[in-house]
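# Overview (structure and organization)
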Amino acid sequence: MGVGLAVVILLTALMQGVFCQIWGVTLPKSIMGLSDSCVTVPCRFQIPNNEEANILNCSDGGIWRKGSMAGPFVFNARTPHSNTIQGLILGDLTKKDCTTVFHSFSENYSDKYFFRLDCSNHVKFNFVDGVIITSLPEPPSPLLTTVNQVLEGAQVRLQCSLPVPCPALPPSVTWLPRDSGQEQTQMQQSVEDGQTIMTSTLTFIASAEHHKQNISCSVSYPLTKGGSSQPSSATQSLDVLYAPRVPVATLVTSGPVSEGGAVTFTCWSDANPPVSLYTWYRADSGKLTKKGEGETLVLQVHQNDSGQYLCEAQSPRGSQRSRPVSLEVNATTGSSESGVMIPYIICGVLLVLCIMTVAVDVYKYQSISRRLKQIELKGEQTYSDLRTCSVTADYDQLQPRKPKTMPSPDVSDYENTIALEANFKNQPAT
């Protein structure tokens, strides 16, 4: 046991000695940034133990190259005004922390970057490992956890995760629809590469109203020069299992039903999974009598069928009963009902005939009135055209007037007197 412990201690000491003699840098393999926003590069390096004293005065000895280890300098902590990419070393180089933030990182800056330690004449070293920084024109979609079927009444936790390329300008997260539950947001660094991840959690109790509802996590990032990016989102549609909700029973009729007639009841209820069975009952003083099954119930009613009817909807998740509906059946038969209706039918026919007679008389009166008006208008036009002429004609002025002789009463009807005399001569004497 003691020999094994001694071997472990020896190996640990040897490994520490080996690692302390290695130059190395710890960087993420890749970083996704947003155009015109800042990008933070987590960075730590290792140097041999004998070089640690030489970096104690090397707080500004950080340099970044673009493209390759021998690529051009794009950032130098000692000459910030001449840098191609503006930024700042956030870490403490004396503690081997080279974390750097680049401001307004545009799309054409996307490339692989390498860190160089340059501490005047003491320590100068180009680290082999680099980081690929990609600037996107639009923010990436957040990662939203997938939720399978949930039971009504169960607690649901939806998590929306998104990268934070620049913790100095954290994104904002909005859950839609709003006020759909309790929200909690936190940021933490990844253990693997040191990048910052934001996680927003939405917690609520599942209900039937959440079934097939789309819940979205929308994210927008602030920009370096002000404003914010276009929002990006991820959506989750919920599948909630719930028992039948408030079945509704209806009676397809209005008012009392005559005995011998047919009535139809219908029942409907919302459920997930759907309703598998509808059962109809008649309620008599609190006692339920089964009357049939199915979404509809058709009855050929009698007087003793009057009462309260209700339906029960059943599914694998449970069952629920509807409110009762009333059915009232009259004892009258179809023939007597027809006899009762005969006087009303006769009265209706007489009323129609009376109306038609009055309408005909009115039409005749209006027609005669129009004709009289037309005749009257023609008479007025005729009399207005007459003119008074002179009593003395031209013939009276040329010929002297003879005294008029009155004809004999016996010959008043004959205009030719000569013919009359001849007629008398030819008659025989009596």
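Here the structure is a predicted model, which means the values were calculated and not measured. (Residues numbered from 1 in each chain as written. Predicted model: local features only at pLDDT ≥ 70, side-chain atom pairs only at ≥ 80, totals over all residues. Heavy atoms only, no water.)

## Quick look at the overall build of the chain
Cut-off, in case you're wondering: Helix numbering and strand numbering both begin at the N terminus, where a helix is a DSSP run of H or I of at least 4 residues and a strand a DSSP run of E of at least 2. Note on classification: 1.4 Å probe, protein chains only; a residue is buried when its accessible area is under 20% of the maximum for its type, exposed when over 50%, partly exposed between these limits. Only heavy atoms enter the contact rule, under which two residues are in contact if any of them lie within 4.5 Å. The Shrake-Rupley method, run with a 1.4 Å probe, gives the accessible areas here. Residue values count only the displayed protein chains as cover.
Across its full length, the chain holds four helices and 28 strands. With 430 residues in all, the chain has 32% of them scored as buried. Residue pairs in contact within the chain that sit at least 24 positions apart in sequence constitute 63% of those at least 6 positions apart. Put simply, the chain shows about 28,100 Å² of open surface, and 55% of that area lies on carbon and sulfur atoms.

## Considering the sheet that holds strand 12 (residues 150-151)
The following threshold applies: A pair of strands is labelled paired if DSSP reports no fewer than 2 bridges between them.
One open sheet holds the four strands; their spatial order is 12-19-21-24, and the pairing between them is mixed. The sheet is open, and its two edges are formed by strand 12 and strand 24 (296-300), each paired on a single side. Note that strand 19 (residues 240-251) and strand 21 (residues 262-272) share six bridges and pair antiparallel. In the sheet register, alanine 249 faces strand 21, and the bridge partner there is cysteine 267.

## A closer look at the nonpolar core
Note that soluble globular proteins tend to have their nonpolar side chains buried in a common cluster. Put simply, the test is: Working definition of a nonpolar core: buried Ala, Val, Leu, Ile, Met, Phe, Trp, Tyr and Cys residues. They are joined through side-chain atoms within 4.5 Å.
Residues Val41, Phe45, Trp64, Tyr113, Phe115 and Leu117 are the most contacted members of the largest nonpolar core, which totals 28 residues. Looking at this core, the elements with two or more residues in it are strand 3 (37-41), strand 6 (73-76), strand 8 (100-105), strand 9 (111-119) and strand 10 (123-136). Once residues within four sequence positions are removed from consideration, phenylalanine 115 is found in contact with Cys43, Phe45, Gly62, Ile63, Trp64, Leu93, Cys98, Phe125, Asn126 and Phe127. By size, the runner-up hydrophobic cluster in this structure holds 24 residues, among which are Leu34, Val147, Met198 and Leu238.

## Some remarks on the environment of valine 252
Within the secondary structure layout, valine 252 lies in the loop between strand 19 and strand 20 (257-258). Taking the C-alpha atoms as reference, valine 252 lies 6.8 Å from valine 263; in sequence the two are 11 residues apart. In this structure, valine 252 is in contact with Thr264 and Thr266, ignoring residues within four places of it in sequence.

## Side note on the packing of aromatic side chains
Selection rule: For this analysis, a ring pair means two rings from Phe, Tyr or Trp (six-membered ring only for Trp) whose centres lie within 6.5 Å, classed as stacked if their planes differ by under 30 degrees, edge-to-face if by over 60, and tilted for the remaining angles. Only lysine NZ and arginine CZ atoms are considered, and such an atom sits over a ring when it is within 6 Å of the ring centre and within 35 degrees of the ring normal.
Evaluated as defined, the whole model comprises 15 aromatic pairs. Here the aromatic rings of phenylalanine 75 and phenylalanine 102 are separated by 5.9 Å at their centres, their planes lie at 80°, and the arrangement is edge-to-face. Here phenylalanine 75 is found in strand 6, whereas its partner phenylalanine 102 is found in strand 8, with 27 residues between them in sequence. Given the relative accessible area of 0%, phenylalanine 102 is considered buried. Taken together, a centroid distance of 5.6 Å and an interplanar angle of 50° make the contact between phenylalanine 265 and tryptophan 280 tilted. Note that phenylalanine 265 is positioned in strand 21 and tryptophan 280 in strand 22 (residues 277-284), a separation of 15 residues in sequence. By the burial criterion, phenylalanine 265 is buried, and tryptophan 280 matches it. Put simply, the rings of Trp23, Phe45, Trp64, Phe75, Phe102, Phe105, Tyr109, Tyr113, Phe115, Phe125 and Phe127 touch in pairs and so form one group of aromatic residues. Arginine 321 extends its terminal NZ or CZ atom over the ring of tyrosine 281, reaching a point 5.8 Å from the ring centre.

## Points about the pairing of strand 5 (residues 62-66)
Across the five residues that make up strand 5, a large majority, four, are buried. The sheet contact formed by strand 5 and strand 9 spans five bridges and is antiparallel. In the sheet register, arginine 65 faces strand 9, and the bridge partner there is phenylalanine 114. Sheet analysis places strand 5 next to strand 6, joined by three bridges and oriented antiparallel. What sits directly across from tryptophan 64, in strand 6, is phenylalanine 75. The hairpin turn running from strand 5 into strand 6, its antiparallel successor, is six residues long, and glycine 67 in that turn takes a positive phi close to 95°.

## Description of the state of the cysteines
For clarity, the threshold we go by: Here, a disulfide means two cysteine sulfur atoms that sit within 2.5 Å of each other.
Scanning the model with the defined rule gives five disulfides in all. Put simply, cysteine 43 and cysteine 98 are joined by a disulfide, and their sulfur atoms are 1.7 Å apart. Between cysteine 43 and cysteine 98 the disulfide shows an S-S torsion of about -75°. By sign, it is left-handed. Of the two residues, cysteine 43 is situated in the loop between strand 3 and strand 4 (44-46) and cysteine 98 in the loop between strand 7 (87-89) and strand 8; the sequence distance between them amounts to 55 residues. Cysteine 98 shares its class with cysteine 43; the two are buried. The disulfide bridge from cysteine 58 ends at cysteine 119, spanning 1.7 Å between sulfur atoms. Of note, the bridge from cysteine 58 to cysteine 119 carries an S-S torsion of about -90° and is left-handed in sense. In this pair, cysteine 58 sits in the loop between strand 4 and strand 5 while cysteine 119 sits in strand 9, placing the two residues 61 residues apart along the sequence. Described in terms of the sequence order of its bonded cysteines, the disulfide pattern of the chain is 1-7, 2-4, 3-5, 6-8, 9-10.

## Observations concerning the pattern of salt bridges
Pairing between side chains becomes possible if they bear opposite charge and their charged atoms approach one another. For clarity, the cut-off: Any carboxyl oxygen of Asp or Glu that lies within 4 Å of a side-chain nitrogen of Lys or Arg is treated as forming a salt bridge with it.
Using the criterion set out here, one finds 10 salt bridges in the structure. In this structure, aspartate 284 and arginine 282 form a salt bridge, with 3.2 Å as the shortest nitrogen-oxygen distance. According to the relative accessible area criterion, arginine 282 is buried, its value standing at 14%.

## Quick notes on the confidence of the model for the chain
We count it as follows: Each residue carries a pLDDT score, the predictor's own confidence in it, on a scale running from 0 to 100.
With 80% of its residues at a pLDDT of 70 or more, the chain has an overall mean of 81. Here residues 1-20 scores under 50 on pLDDT; set against residues more than four positions off or in separate chains, the count is three contacts.

## Thoughts on the sheet that holds strand 3
Definition in use: The axes used here are C-alpha line fits, helices contributing only the stretch in contact, and every angle between their N-to-C directions lies in the interval 0 to 180 degrees.
The strand order across the open sheet built from three strands is 3-8-7, with neighbouring strands paired in antiparallel fashion. Each edge of the sheet is formed by a strand with only one pairing partner; in this case those strands are strand 3 and strand 7. Within this sheet the neighbouring strands show an average axis-to-axis angle of 15°, counted without direction. Taken together, the four bridges between strand 3 and strand 8 define a ladder with antiparallel strand orientation. The partner of serine 37 across the bridge, within strand 8, is phenylalanine 105.

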